[in-house]
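The lines below spell out each chain.
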Amino acid sequence: MIVARPRQRADAKLLVVGADGSLSHATRRELPEFLRRGDLVVANDAATLPASLHGVHGPTCAAIEVRLAGRRTLAATDFTQCTALVFGAGDFHGRTEDRALPPALAAGDRLTLGPLQAKIERVLAHPRLVELRFNASSAEVWAGIARHGRPIQYAHVPEPLALWDVWIPIAATPVAFEPPSAGFALDWRMIAALCERGIGFVTLTHAAGISSTGDSALDARLPFVEPYFIPALTARAIRRTRDRGGRAIAVGTTVVRALEHAAALRGVVCAGASFADQRIGAGTVLNVVDAVLSGTHEPGTSHYELLRAFIDDSSLREAGAALDAHGYRTHEFGDSLLVERGEARGAAANAPLARQREHQSSRTIRSPAPCR
Amino acid sequence: MAQTYNPAVRGRSRTDPLSGLRIAVTGGTRGLGHALVRAALARGARVALVARDPDRVGRVAAATEAHGIVGDVARKEDIHPIALQITGLLGGLDCLVNNASSLGPVPLRLLGDTDCEDLEVALATNLVGPFRLTKALLGALAASARENRGAVVLNVSSDAAHNPYVGWGAYGASKAALHHLSRIWQEEASALGVCFLSLDPGDMDTELHALAVPDANRSMLKRPEAAADDLLDAIAQALAKRAAWRPRSGATAAAKIQTSLS
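Everything numeric in this text was worked out from a predicted model, so none of it was measured.

What counts, and at which threshold
- Residues numbered from 1 in each chain as written.
- Chains lettered and ligands numbered in written order.
- Predicted model: local features only at pLDDT ≥ 70, side-chain atom pairs only at ≥ 80, totals over all residues.
- Domains from an automatic or database assignment.
- Contact = placed C-beta atoms within 7 Å.
- Nonpolar A, V, L, I, M, F, W, Y, C, P; charged D, E, K, R; others polar.
- Buried ≥ 20, exposed ≤ 12 C-beta atoms within 10 Å, placed from the backbone.
- Helix = DSSP H or I, 4+ residues; strand = E, 2+ residues; numbered from the N terminus.
- Pairing = 2+ DSSP bridges.
- Axes fitted to C-alpha atoms, helices over the stretch in contact; angles between N-to-C directions.
- Parallel < 35°, antiparallel > 145°, perpendicular 65-115°, else oblique.
- Left-handed = near helix turned anticlockwise from the far one by under 90°.
- Expected span 1.5 Å × (residues − 1).
- pLDDT = per-residue confidence, 0-100.
- Core = buried A, V, L, I, M, F, W, Y, C linked by C-beta atoms within 7 Å.

A look at the domain arrangement of chain A
Residues and elements named next belong to chain A.
So, step 1. Under the domain assignment used here, chain A contains domain 1 (2-48 + 162-357) and domain 2 (52-148).
So, step 2. Placing the centre of domain 1 and that of domain 2 at their C-alpha centroids yields a distance of 29 Å.
So, step 3. Contact with domain 1, which involves 16 residues of that partner, is made by 14 residues of domain 2.
So, step 4. Partitioning the side of domain 1 that touches domain 2 into residue classes produces 10 nonpolar, five polar and one charged.

Quick look at the pairing of strand β2 (residues 13-17) of chain A
Regular strands place their side chains on alternate faces of the sheet.
Residues and elements named next belong to chain A.
So, step 1. Within β2, five of the five residues are buried, which leaves the element mostly enclosed by the surrounding structure.
So, step 2. Side chains of β2 alternate between two faces, with Lys13, Leu15 and Val17 and Leu14 and Val16 buried alike.
So, step 3. Pairing geometry for β2 and strand β3 (residues 23-27), over five bridges, is antiparallel. Bridge pairing in β3 links leucine 14 to alanine 26.
So, step 4. Turn length for the β2-β3 hairpin, with the two strands adjacent in sequence and antiparallel, is five residues, and the turn residue glycine 21 shows positive phi of about 85 degrees.

Digging into the packing of helix α1 (residues 31-42) of chain B against helix α7 (residues 224-242) of chain B
Residues and elements named next belong to chain B.
So, step 1. It is at 8 Å that the axes of α1 and α7 come closest, and there the two elements cross at 60 degrees. Taken together, the axis directions place α1 and α7 in an arrangement best described as oblique. At the point where α1 passes α7, the crossing takes the right-handed sense. Contacts between α1 and α7 pair Gly31, Leu32, Ala35, Leu36, Ala39 and Ala40 from the former with Pro224, Glu225, Ala227, Ala228, Asp229, Leu231 and Leu232 from the latter.

Considering helix α5 (residues 169-189) of chain B
One full turn of an α-helix is made of 3.6 residues, so residues set three or four places apart face in the same direction.
Residue and element names in this part refer to chain B.
So, step 1. Over its 21 residues, α5 runs 29 Å from end to end, which matches the ideal 30 Å to within 8%, given 1.5 Å per residue.
So, step 2. Looking at α5, one finds that the buried residues are Gly169, Ala170, Tyr171, Gly172, Ala173, Ser174, Lys175, Leu178, Ser182, Trp185 and Ala189.
So, step 3. The inward-facing, buried residues of α5 contact α4 (116-146), β5 (151-156) and β6 (194-199).

Some thoughts on the sheet that holds strand β11 (residues 129-134) of chain A
The pairing of strands in a sheet happens through backbone hydrogen bonds and is either parallel or antiparallel.
Residue and element names in this part refer to chain A.
So, step 1. Read around the closed barrel, the six strands follow the order β6-β7-β8-β11-β10-β9; overall the barrel is antiparallel. On average, each strand axis in the sheet is inclined to that of its neighbour by 45 degrees, with strand direction left out of account.
So, step 2. Contacts from helix α1 (residues 138-148) reach β6 (52-57), β9 (110-113), β10 (116-123) and β11, with the element oriented near 105 degrees to β10.

Thoughts on the confidence of the model for chain B
So, step 1. Model confidence for chain B is summarised by a mean pLDDT of 91, while 87% of its residues fall at 70 or above.
So, step 2. At the level of chain-chain contacts, confidence expressed as ipTM amounts to 0.90, with global pTM at 0.91.

So, the nonpolar core
So, step 1. Counting 180 residues, the largest nonpolar core has A:Val42, A:Leu259, B:Leu49 and B:Leu141 as the members making the most contacts within it.
So, step 2. It is α4(B) that provides the largest number of residues to this core, a total of nine residues.
So, step 3. No fewer than three residues from each of domain 1 (2-48 + 162-357) and domain 2 (52-148) of chain A sit in this core.
So, step 4. Those residues within four positions of B:Leu49 in sequence are excluded, and the remaining contacts are B:Val25, B:Gly28, B:Thr29, B:Val37, B:Val60, B:Ala61, B:Ala66, B:Gly68 and B:Ile69.
So, step 5. Core analysis: the next-biggest nonpolar cluster, separate from the first, contains nine residues, B:Leu103, B:Ala160, B:Ala161 and B:Ala173 among them.

What follows is the structure, encoded as structure tokens:
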């Protein structure tokens, strides 16, 4: 497949996979024509952190790259602790899979990351995955990563990406570790076009995590637990849309994950902050989301698995063949796919919530704020 | 913790729309910007200030409750790190004040004697910088509007944007362009619920004015504190109007955008 340059393209393409498995080729600009008056588009407005920090492992003086990969909260005032992936020497021109392991890491190791000092609190059951604590206030961490951090880079993009390359137009709060890239489809003109057609537009904030760790054992654990926040007006708009027979259109897999997690708790989407910890796949019953706008993804990735909740495997295979045959651009900055939920796929009415729970890990589910 | 994370309900008082407001002020360590920072804090706002000099930023931040951010809006590379820190430290943004300004050549010169580089500096600071920073923060401002907090961009203008004062070519042309940028953005962003203001604070007793007119009679000049109060009142007024806004009311403006772009 063709790899895209890291910028918005006016000629970006859109493949629409209908609820009946039918395929339609269009330009991404034409997205609103595949939506109906009364539908609601829900996007993730997370801005992307410069989460890649080069530095030095104190005990060995070895060069390392730390990729911040998770926080336990979205709160701005609590940025002293992070889960992180640690790579050995090298840079993004090599594929993540080929990157050297870091030196042996142990709790208590000091890391120097540009202007920031950090300490490894724990190694998390993998030689690359650690819990970090910065030796700085949250304000100092913000200043430090703003100065020293770079966006996580991709081997398939030859030029280094700057922060302005990875912020989607609606980027608001910087909590994502990699861009919620489906949102590149939404520019302000597109949002005006939705509004004009009577299609609603709302957002939530979901700390999109890293898409690949370079290690198959770790990749199998993706996506990690991700904090999200659903504003009250967004929750209300979703309930109202469903009451009136409109559809909820998720922009990106993170939005599917957040909305379905919130709905699994109570059967309807409630406002508030929580942690998405479930995996979504072929067996998942979708309670809220009627269609997903996404990038193109390869079989085996967690993103592809999520699409399997929307439509049967043979339709997905046909869509994949059509993407290849028509030269769609893949990866974070590529073309888009709109997948409607198949007619036979669990509508909320016949979805026993108990089945949802099977797909969630044993981690304690924290309740969002009560619905108002 | 996450359970208490809810940017939409952080203590906004009913009396002053500025209470609890998340506001960023560029050029926040001197003159009008410094006065805006102190006045906004006094009215209960949560403030991030941006300025170039690390020592001054540190001093002003230490003396107030404001977050200090070091950066130069005239530098392209500084814009996203500034935007990242603003939205990171404040957890979003309700109001951006593009106040940092450059006079261009000092002392002032006739246009025919103005170095091109001096004009470029004035444009970079007074026009392109505010454009870039506003664009980087437009997502955060629109999010604030969607959550009914209101969203305001105040671009600090000047009567030199309207009147052709001899010697004020670089400054006046850049401020005129900024004023027009504000007007067009106001038309385009009203559908999003983001309000653009372009206001002239008047001739003030500031370092910038002293550079431009060293022999001015200072007693005739407005105090920056008085100008800051006026500007904050204008922001409060815009926010109060915004309270009545609902996304649906933007449909007409959205249709206008669609028509003019197609």
